[in-house]
Amino acid sequence: MSTDGLIVVDKPGGMTSHDVVARIRRLARTRRVGHGGTLDPMATGVLVIGVGRATRLLTYVIGAGKSYTATIRLGQATVTDDAEGDVIATTPAGTVTDDAIRAGLAAQSGEIDQVPSAVSAIKIDGQRAYKRVREGESVELPSRRVTISRLDVLAIRRDGPDVIDVDVDVTCSSGTYIRAVARDLGLALGVGGHLTALRRTAVGGFTLAEAATLTELEERAPEVVNLPLSAAAARFFPRRDASADEAAALSHGGPLTVAGITGPYAVFDPAGALIAIVSERGGRARAEIVLAPA
């Protein structure tokens, strides 16, 4: 069985994130596997997988910032805001200028209120929004505050008279929908828009450079973890080293003296093993999760 830790997977197109988790369960020979942030079946790229005790780190991975490359097609709107859905409106986009496209994207940069795609995994009264849409319901989701810190135009391609393909590079906060960026650009320009390609290039500090394909993981199974638990925590969190007495107290849920470290941080014992993820508030440093073996 694989050790506890994280795997940075380069997800292929055509698979759900749950499909990838199921594959890793088989390769790692354990049921205790989860993912740190859903990718649509059409999307490819960085999907962080947790194995064993490292699944408890995934709540932090899910909240991390993310980067993508994507292609937006102007001139067509779809029911899903991406290429997997039926086209519901077509408006010739050939007269839209490059300057208008750049201005429309600039308007979505920074801190914005974004309405998620109706075909999303957000729950409404306990049921996923996309299920309601597929059952014929009209779904309206409330906007949410997100931050798009970078939205660069890589290319504007006019390969046909009625559609324009715009390649973009995006860095954004967790909870941002790139499909919604495509939809809203199309709405602003009056021609409709949807996403035709999406590749996640980074989650937090985890990038495509260290991602393994499923074929590569198959070849080295069951040793599929490439970031053991302690190494993963050291990469993702600020580090604090504890004395033997502090480590003993913390492993049993006791507090530490404050160290003035902002945000959650990882605490390691004198041997370098991860004990817990700790946060400081009210003058106390307490574990949010204890990860030392029982």
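This is a predicted model, so every value here is computed, not measured.

What counts as what
Residues numbered from 1 in each chain as written. Predicted model: local features only at pLDDT ≥ 70, side-chain atom pairs only at ≥ 80, totals over all residues. Heavy atoms only, no water. Helix = DSSP H or I, 4+ residues; strand = E, 2+ residues; numbered from the N terminus. Buried < 20%, exposed > 50% of the residue type's maximum accessible area, 1.4 Å probe, protein only. Contact = heavy atoms within 4.5 Å. Lys, Arg positive; Asp, Glu negative; His and termini not counted. Charge placed at Lys NZ, Arg CZ, Asp CG, Glu CD. Pairing = 2+ DSSP bridges. Axes fitted to C-alpha atoms, helices over the stretch in contact; angles between N-to-C directions. 1 Å grid on protein atoms, 1.4 Å probe; cavity = no way out; pocket = protein on both sides within 12 Å on 5 of 7 lines; lining within 4 Å. Points joined across faces, edges and corners; volume = space filled by probe spheres on them. Nonpolar A, V, L, I, M, F, W, Y, C, P; charged D, E, K, R; others polar.

Trainee: Where do I start with the overall build of the chain in this structure?
Mentor: The helix and strand tally for the chain stands at eight helices and 18 strands. With the principal axes as the frame, the chain shows a C-alpha extent of 70 × 45 × 40 Å. Out of the 294 residues belonging to the chain, those deemed buried represent 46%. Taking contacts inside the chain between residues at least 6 apart in sequence as the whole, the part at least 24 apart equals 68%. Measuring between centres, the 33 positive side-chain charges of the chain sit 6 Å from its 34 negative side-chain charges.

Trainee: What am I meant to see in the environment of A180 here?
Mentor: Along the chain, the position of A180 falls in helix α5 (residues 178-189). The buried category is assigned to A180, whose relative accessible area is 0%. Spatially, the C-alpha atoms of A180 and D40 are 13 Å apart, while their sequence positions differ by 140 residues. The residues contacting A180, other than those within four sequence positions of it, are Q108, Q114 and V115.

Trainee: Looking at this structure, I do not really get the pairing of strand β11 (residues 164-172). What am I missing?
Mentor: Consecutive side chains along a regular strand alternate between the two faces of the sheet. Within β11, eight of the nine residues are buried, which leaves the element mostly enclosed by the surrounding structure. For strand β4 (residues 66-74) and β11, the ladder comprises nine bridges, and the chain directions are antiparallel. Bridge pairing in β11 places R73 opposite D165. Sheet analysis places strand β10 (residues 144-157) next to β11, joined by eight bridges and oriented antiparallel. Residue pairing in the sheet places I156 in a bridge with V166 of β11. Counting the residues that bridge the hairpin from β10 to β11 gives six residues.

Trainee: Hey, could you run me through the sheet that holds strand β16 (residues 265-268) in this one?
Mentor: Paired through backbone hydrogen bonds, the strands of a sheet run either parallel or antiparallel to each other. The strand order across the open sheet built from four strands is β15-β16-β17-β18, with neighbouring strands paired in mixed fashion. A strand with exactly one partner marks an edge of an open sheet, and here the two such strands are β15 (239-241) and β18 (284-290). Going across the sheet, the axis of each strand differs from the next one's by a mean of 40°, ignoring polarity. In this sheet, strand β17 (residues 274-281) lies alongside β16 in antiparallel orientation, the contact comprising four bridges. In the strand pairing of β17, V267 is matched with A276. Packing against the sheet, helix α7 (residues 229-236) makes contact with β15, β16 and β17, and its axis sits at approximately 140° to β16. Of the strands in this sheet, β15, β16, β17 and β18 touch helix α8 (residues 244-251), which is tilted by about 80° from β17.

Trainee: It is not clear to me how the pairing of β18 should be interpreted in this structure. Could you clarify?
Mentor: Looking at chain direction, β17 and β18 are connected through six bridges and run antiparallel. By the bridge assignment for β18, S279 is matched with R286. Linking β17 back to β18 in an antiparallel pair, the connection comprises two residues, with G282 at a positive phi of about 60°.

Trainee: Help me understand the layout of surface pockets, please; the structure alone is not making it clear to me.
Mentor: Any space left empty among the atoms is revealed by the rolling of a water-sized probe across them. In this structure, the second largest pocket occupies an estimated 180 Å³ of space. Around the second largest pocket, the lining comprises 13 residues; the ones closest to its centre are T78, V79, D81, I88 and R183. Within the residue set of the lining of the second largest pocket, elements represented by two or more residues are β5 (76-78) and α5. Residue composition of the lining of the second largest pocket, grouped by class: seven nonpolar, four polar and two charged.

Structural measurements only, silent on function.
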